[in-house]
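Single-letter residue listing:
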Amino acid sequence: EFQLPLARLLTQYQLLAPICKSSATMCQCGMSYDNSNNALFGVKTATERDALGVFMMFVFLSSLLGDLTILVASIKYKAFKLHKIVVAFIQHIALCDLLIATLNALPNSVSAIANTGFPSLKYARFFFGRSLFIVSCFLVCGMTLGKLLLLKYPLRTASFSSSRAQKLCAGIWIISILISTLQFVLDKDAIFFQLYNSKSKPRSVAWNILSPIMTLLVFGTLNTVIVVCTVLLLLEARKVVRGTG
């Protein structure tokens, strides 16, 4: 009496085996047509995509308005009554933020609303996205350290010119681009792209060795300097307030 169910199971297995084998082959080759797991922030429905697109457009327009206001006010009207070093770092941070919004928030907004990506710009977006992220970390660290030095050594830093600060920021941009170029050259094939964004998994032996070193030197060191300088800056400002009081 168990022969009939067994025969049905065997028949179903014979029918489903070629389909399962074909699906497994497609998954191994990365030829999946299901983009449900490739959406940004887990967005799957059309309503959620439209809401995400509108939000990303709001982020882009806000960054565009704020960053352009900072740049115009500081460059054309000299509205910031701060030290030249601080003003230079603020200008470069605003420029970096504007580029991030243009290369990240704007394409994500269009991609979410149109439900499509930018295949022709995928490598450029990945390269400049990594570069700008590193630039922003260096600039925030440099501005925090600069504020501490200005407050602690006002006489020594009084002679620092705007051109010297601009050269320092330019060096930060160059170093950051070189770091991203190194990763891009050594591990270009490890980059894989989803519907709205891109990721990478190190595959080359050289980058597997360099990746933890670069992470420690760049992000670990910079974040440590930012935290330490912020604490010292607060302590130094407290001393100045007590001294003037």
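Preceding block: the structure.
Below is a short write-up of the structure. Treat the numbers as computed from the prediction; the structure is a model and nothing was measured.

1. Concerning the packing of helix α3 (residues 84-114) against helix α6 (residues 162-186)
Link 1 in the chain: Where α3 contacts α6, the two axes come as close as 8 Å, and the packing angle between them is 35°. In the packing of α3 onto α6, the handedness of the crossing is right-handed. Residues K84, I85, A88, F89, Q91, H92, L95, C96 and L99 of α3 form the contact with α6, whose own contacting residues are S162, A165, Q166, L168, C169, I172 and W173.
Link 2 in the chain: Taken together, the residues of the contact of α3 with α6 sort by class into eleven nonpolar, four polar and one charged.

2. With respect to a nonpolar patch on the surface
Link 1 in the chain: There is a patch of nonpolar side chains on the surface, built from V227, V228, V231, L232 and L235 and spanning about 410 Å² of accessible area.
Link 2 in the chain: With respect to the element layout, V227 can be found in helix α7 (residues 205-244).
Link 3 in the chain: Under the relative-accessibility criterion, V227 is labelled exposed at 51%.

3. Points about the environment of L149
Link 1 in the chain: Here L149 shows up in helix α4 (residues 122-152).
Link 2 in the chain: Not counting residues within four places of it along the chain, the set of residues in contact with L149 comprises P154 and T157.

Calculation notes
Residues numbered from 1 in each chain as written. Predicted model: local features only at pLDDT ≥ 70, side-chain atom pairs only at ≥ 80, totals over all residues. Heavy atoms only, no water. Axes fitted to C-alpha atoms, helices over the stretch in contact; angles between N-to-C directions. Helix = DSSP H or I, 4+ residues; strand = E, 2+ residues; numbered from the N terminus. Left-handed = near helix turned anticlockwise from the far one by under 90°. Contact = heavy atoms within 4.5 Å. Nonpolar A, V, L, I, M, F, W, Y, C, P; charged D, E, K, R; others polar. Patch = residues over 30% accessible without salt bridge, like charges linked within 9 Å, V, L, I, M, F, W, Y side chains within 5 Å. Areas by Shrake-Rupley, 256 points an atom, 1.4 Å probe, with all protein chains shown as cover. Salt bridge = Lys/Arg side-chain N within 4 Å of Asp/Glu carboxyl O. Buried < 20%, exposed > 50% of the residue type's maximum accessible area, 1.4 Å probe, protein only.

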